[in-house]
Amino acid sequence: MHADAETKGAKPDRVVISFGPQHSLLEQRQVELAWEEARTLSPKPTMLVFAAFEFDPEAAKDIDGMTKEKTGMTFLTAQMNADLLTEDLKKKRASNQSFWLVGRPDVDLRRIAKGDNKGKWEAEVKGFDYYNTRTGTIDSGDTAKIAMWLLDTDYDGRSLYPRQVFFPIADADGAGSTGQEPKS
């Protein structure tokens, strides 16, 4: 582990933090090593946080699969702000956010079996899970609370380049907007 912390409250819980590399993705091997080490710690932490500038998709999937029911602790991903890489751009005030927690979507992916779009894929975003910093719990949000989501229609397994951006609650009538190609 790279850092040890505790939650606020009447009975603080132990939190351990594993920081990703400065110039590459946090990878699966780091997730495995951090989990292996966290299991040996005493007192046992209640939360394991992975903080990185970028996450390997397979590592992020592994972290998502580590549920409290399976492991006895909460696993979280915290996206580090790129300003931390540049000394003169670091945030000066304590109120500025250098880290933000990443919510994970609940998505169904289905191959279309009939009609004009036969053989193509259909994605249904059902909601998302996020860590509620006020209550210390993992909460679920439904699609009514998703302000924006991104779709990479040509994902290469390494980097995410959203080719469509959706703003489901952008319209005044609540109908949402269709995907738009991002402008360069």
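To be clear, the structure that these remarks concern was listed above.
Residues numbered from 1 in each chain as written. Predicted model: local features only at pLDDT ≥ 70, side-chain atom pairs only at ≥ 80, totals over all residues. Heavy atoms only, no water.

Overview of the overall build of the protein chain
Quick note on the threshold: The helix and strand labels rest on DSSP assignments: H or I over at least four residues marks a helix, E over at least two residues marks a strand, and numbering proceeds from the N terminus. Residue exposure (1.4 Å probe, protein chains only): buried if accessible area is under 20% of the type maximum, exposed if over 50%, otherwise partly exposed. In this analysis, two residues are considered to be in contact whenever any of their non-hydrogen atoms come within 4.5 Å of each other. What sets the accessible areas is the Shrake-Rupley method with a 1.4 Å probe; for residues, cover comes only from the shown protein chains.
When you go through the protein chain residue by residue, the secondary structure sums to 3 helices and 10 strands. Counted from the first residue to the last, the protein chain has its helices and strands arranged as β-β-α-β-α-α-β-β-β-β-β-β-β. Across the 184 residues that make up the protein chain, the buried fraction comes to 26%. Sequence-distant contacts, at least 24 apart, represent 39% of the contacts inside the protein chain between residues at least 6 apart. For the protein chain, the computed accessible surface area is about 12800 Å², with 51% contributed by carbon and sulfur atoms.

Brief notes about helix α2 (residues 57-65)
Each α-helix winds once per 3.6 residues, and so residues spaced three or four apart point in a common direction. How we decide: Within this analysis, the arc is defined by the directions that extend from the helix axis to the C-beta atoms. The definition of a polar contact used here is a pair of N or O atoms within 3.5 Å, where within protein one atom must be able to donate a hydrogen and the other to accept one, and adjacent residues in sequence count solely through side-chain atom pairs.
Every buried residue belonging to α2 is among Ala-59, Ala-60 and Ile-63, and all of these are buried. Here the buried residues of α2 occupy an arc of 100 degrees about the axis, which is enough to place them on one side. For α2, the N-terminal capping position is held by Asp-56, with its side-chain oxygen 3.0 Å away from the main-chain nitrogen of Glu-58.

Remarks on the pattern of salt bridges
As a reminder of what qualifies: The term salt bridge refers to a pairing of a side-chain nitrogen on Lys or Arg with a carboxyl oxygen on Asp or Glu at a separation within 4 Å.
All told, the structure shown has 6 salt bridges when counted by the stated rule. The partner of Glu-122 in a salt bridge is Arg-110, with the nearest N and O atoms 3.3 Å apart. Residue Glu-122 is located in strand β7 (residues 121-132), and its partner Arg-110 is located in strand β6 (residues 104-111); the two are separated by 12 residues in the primary sequence. Residues joined in a network through salt bridges with shared partners are Asp-108, Arg-110, Glu-122 and Glu-124.

Quick notes on unusual backbone geometry
Here Ser-42 and Pro-43 are connected by a cis peptide whose omega angle stands at 0 degrees. Tracing the sequence through the fold places Pro-43 in the loop between α1 (28-40) and β3 (47-52).

Some words on the environment of Lys-118
Counting through the fold element by element, Lys-118 comes out in the loop between β6 and β7. Excluding its chain neighbours within four sequence positions, the residues that come into contact with Lys-118 are Ile-112 and Ala-113.

Considerations on the nonpolar core
Soluble globular proteins: nonpolar side chains tend toward being buried together. This is how it is decided: Throughout, nonpolar core names a set of buried Ala, Val, Leu, Ile, Met, Phe, Trp, Tyr and Cys residues whose side chains join them through atoms within 4.5 Å.
Of all hydrophobic cores here, the largest spans 15 residues; its most connected members are Leu-26, Leu-48, Phe-50, Phe-55, Ile-63 and Phe-75. Those elements giving two or more residues to this core turn out to be α1, β3 and α2. If one sorts the elements of this core by residue count, α1 sits on top with 4 residues. When sequence neighbours within four positions are dropped, the list of residues in contact with Phe-50 reads Ser-18, Leu-26, Gln-30, Val-31, Ala-34, Phe-55, Ile-63, Phe-75, Leu-76, Thr-77 and Ala-78. Ranked by size, the runner-up nonpolar core spans 9 residues in total, among them Met-47, Val-49, Phe-53 and Leu-76.

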